[in-house]
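Okay, here's what each chain looks like letter by letter:
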Amino acid sequence: LSYQLNTAELRALDNVREAFSGMDEPLDSGRQRDSFMKTEKSPTDIMNIMDITMRRLVKMAKKLPAFNELSNEGKFALLKGGMVEMLTVRGVTRFDSASNSWKTPVVPSQYTVPVSMFDQLNTDCKDIQKNRFMQFVGALNEELRKNELAISLIMLIVLFSQRENVNSPSDRMLIDKHNRDYSTLLFRYLESLYGEDARKFQEVLPRALGLLHVISDHSITLFMGTVKTEEAEPLPREFFKTD
Ligand SMILES: C[C@H](CCC[C@H](C)C(=O)O)[C@H]1CC[C@H]2[C@@H]3CC=C4C=C(O)CC[C@]4(C)[C@H]3CC[C@]12C
């Protein structure tokens, strides 16, 4: 039984690579860059750093023909509902366990974000959320975590999930279709790499996605009361209440 990918699958994977190609662009300037360069990063700095990833995820989505089939209401609802989950998946790929920090090619390598930044956040939930994030890191196999294309497909499976405020039947149908298509493409891709062994990912993924929902649902108040709103970018404040 050949696990070789066919031309349609190979083209679909190229489209995914293309959509994500801007994620690692070096950062040129602005408030976000200043926040990254600080040795001591405040919650406000973390917000401005998240702004970078959020804006790039929005750009990524808009490069996807599948995303552009949706109504504007549907597009908004998917980004609103999936943003923190996609950020968290991004966080797994950028997480460096040796230094317990997030590293990124977006800025010179000496600039990192320490996971200990959680300790400055809302005392009601900072510890549990930090633990949940570390649990999520452990929930994804090492080889999955290090595979950029697999992670991109996981982010698309997350993006195309049923969310609140998706009201049009055609949007709901399209979301289910693309969720199925990206899930199938991920497992065909993994089969082309691991053959029979790809089966082990079948049960890993649903569990990890379940954890992702819990993380996202409990993230809303994480930055509450810790951010100088006038110094923070507006986009992240749509996902994390600050006051
Ligand atoms: C991936 C990102 C660092 C690299 C940023 C850089 C622009 C890039 O995307 O390459 C880190 C910085 C802050 C982290 C969140 C902080 C709080 C969080 C709170 C949670 O509950 C889950 C995880 C998140 C969203 C973290 C995900 C990873 C982030 C975005």
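This text goes with the structure placed above it.
The rules we used
Residues numbered from 1 in each chain as written. Predicted model: local features only at pLDDT ≥ 70, side-chain atom pairs only at ≥ 80, totals over all residues. Heavy atoms only, no water. Near = heavy atom within 4 Å. Polar contact = N/O pair within 3.5 Å; in protein donor to acceptor, adjacent residues only side chain to side chain. Helix = DSSP H or I, 4+ residues; strand = E, 2+ residues; numbered from the N terminus. Expected span 1.5 Å × (residues − 1). Buried < 20%, exposed > 50% of the residue type's maximum accessible area, 1.4 Å probe, protein only. Arc of directions from axis to C-beta. Contact = heavy atoms within 4.5 Å. Pairing = 2+ DSSP bridges. Core = buried A, V, L, I, M, F, W, Y, C linked by side-chain atoms within 4.5 Å. Phe/Tyr/Trp six-rings, centres within 6.5 Å; stacked < 30°, edge-to-face > 60°.

**Student:** Tell me about the site of the ligand, and please be specific about residues and values.
**Tutor:** Taken together, the neighbourhood of the ligand is formed by 21 residues, with T53, R90, T104, Q129 and S219 sitting nearest. Contacts to the ligand include T104, whose side-chain N or O atom sits 2.7 Å from an oxygen atom. Between the ligand and the protein, one listed contact pairs an oxygen atom with a side-chain N or O atom of S219 at 2.9 Å. Broken down by secondary-structure element, the contributors of at least two residues to the shell around the ligand are α3 (43-62), α5 (72-94) and α6 (126-139).

**Student:** Lay out α6 in plain terms, naming residues and giving numbers.
**Tutor:** The terminal C-alpha atoms of α6, which comprises 14 residues, lie 20 Å apart, in line with the 20 Å expected from a rise of 1.5 Å per residue. Residues K126, Q129, R132, F133, F136, V137 and A139 constitute the buried set of α6. Down the axis of α6, the buried side of the element spans an arc of 160°, and every buried residue falls inside it. The elements touched by buried residues of α6 are α5, β1 (95-96), β2 (101-102), α7 (142-145) and α10 (200-217).

**Student:** I'd like to hear about the sheet that holds strand β3 (residues 113-114), residue by residue, with values.
**Tutor:** If you walk across this open sheet you meet the three strands as β1-β2-β3, and the pairing is antiparallel. A single partner strand is all that each edge strand has here, and the edge strands are β1 and β3. Note: β1 against β2, two bridges, orientation antiparallel. Residue D96 lies in a different strand from β2, and its bridge partner there is S101.

**Student:** Which residues make up unusual backbone geometry, and what values do they have?
**Tutor:** Despite not being glycine, N100 shows a phi value in the positive range, around 50°. By the secondary structure assignment, N100 is in the loop between β1 and β2. Residue N165 is not a glycine yet carries a positive backbone phi of 70°. A relative accessible area of 56% places N165 in the exposed class.

**Student:** Mind laying out the nonpolar core, listing which residues take part and the relevant values?
**Tutor:** Nonpolar side chains in soluble globular proteins tend to end up buried together. Ranked by size, the top nonpolar core spans 82 residues in total, and within it L140 and L159 carry the most contacts. Ignoring any residue separated from it by four or fewer positions in sequence, one finds L140 in contact with V92, R145, I151, I154, V204, L205 and A208.

**Student:** If you had to explain the packing of aromatic side chains to someone new, which residues and values would you point to?
**Tutor:** Within this structure, the stated rule accounts for six aromatic pairs. The interplanar angle of 85° and the centroid separation of 6.2 Å between the aromatic rings of F95 and F133 together place this pair among those described as edge-to-face. In this pair, F95 is assigned in strand β1 and F133 in helix α6, connecting sequence segments 38 residues apart. Pair check on accessibility: F95 and F133 agree, each one buried.

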